[in-house]
Amino acid sequence: MIERTLSIVKPDGVARNVIGEVVRRFEAAGLKVVALKMIRLDRAMAEGFYHVHRERPFFPSLVAFMCSGPIVPMVLEGEDAIARVRRIMGATDPAKADPGTIRKDLASSIEKNIVHGSDGPATAGFEIGYFFDALEIPPR
Ligand code: CMP
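The rules behind these values
Residues numbered from 1 in each chain as written. Predicted model: local features only at pLDDT ≥ 70, side-chain atom pairs only at ≥ 80, totals over all residues. Heavy atoms only, no water. Helix = DSSP H or I, 4+ residues; strand = E, 2+ residues; numbered from the N terminus. Buried < 20%, exposed > 50% of the residue type's maximum accessible area, 1.4 Å probe, protein only. Polar contact = N/O pair within 3.5 Å; in protein donor to acceptor, adjacent residues only side chain to side chain. Contact = heavy atoms within 4.5 Å. Phe/Tyr/Trp six-rings, centres within 6.5 Å; stacked < 30°, edge-to-face > 60°.

Q: Explanation requested: the side chain of Thr5 in the structure shown.
A: You can see Thr5 is positioned in strand β1 (residues 2-9). Thr5 sits in the buried class, given a relative accessible area of 0%. In terms of polar contacts, Thr5 uses its side chain to reach the side chain of Ser118, at 3.4 Å. Every residue in contact with Thr5, bar those within four places of it in the chain, is listed here: Met74, Val75, Leu76, Ala81, Ile82, Val85, Ser118, Ala124 and Ile128.

This is how it looks when you write it as structure tokens:
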């Protein structure tokens, strides 16, 4: 099934000049970038985006990290896009990520892991709508 998913190049990825490398890997896998922007989150926006993690011990640090510099959210489209983006990213913890994945190759820690990708269809819907309004996304 053709799906859309949200990915983000996080502040560590922007700071390390790998926006292009992350996008290149998605495009090389046949995924299409259908929307993309650079923004800087404030605390409320970062808290809202990661609200499912609000009770986790790493939440305050995660929110501070996500506000520490610009991020590049994007909408990716393709066959089975949600699972494919997650495979291309690799496991959350770069130490556990498979060779050849973005996080194995580029990430420095479980928090500063370069990239985010939606974990399912409902999450993708929420996350795409969090960063992009209808006029910014091409109709399907
Ligand atoms: P992401 O896939 O964006 O989803 C939640 C984020 O929280 C995750 O990537 C990491 O950046 C961060 N995260 C998840 N688990 C931990 C953890 N155990 N310690 C610190 N940060 C974490």
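Q: Explain the packing of aromatic side chains to me, please; I cannot follow it from the model alone.
A: Any pair of aromatic rings gets described here by the distance separating the centres and the angle formed by the planes. Tallying each qualifying case throughout the model produces 5 aromatic pairs. Ring centres of Phe49 and Tyr50 lie 4.9 Å apart, and the angle between their planes is 80°; on these two criteria the pair is classed as edge-to-face. The two residues Phe49 and Tyr50 agree in class, both being buried. A centroid spacing of 5.4 Å and a plane angle of 80° characterise the contact between Tyr130 and Phe131, whose relative ring orientation is edge-to-face. What links up through ring pairs into an aromatic cluster is the set Phe49, Tyr50, Phe126, Tyr130 and Phe131.

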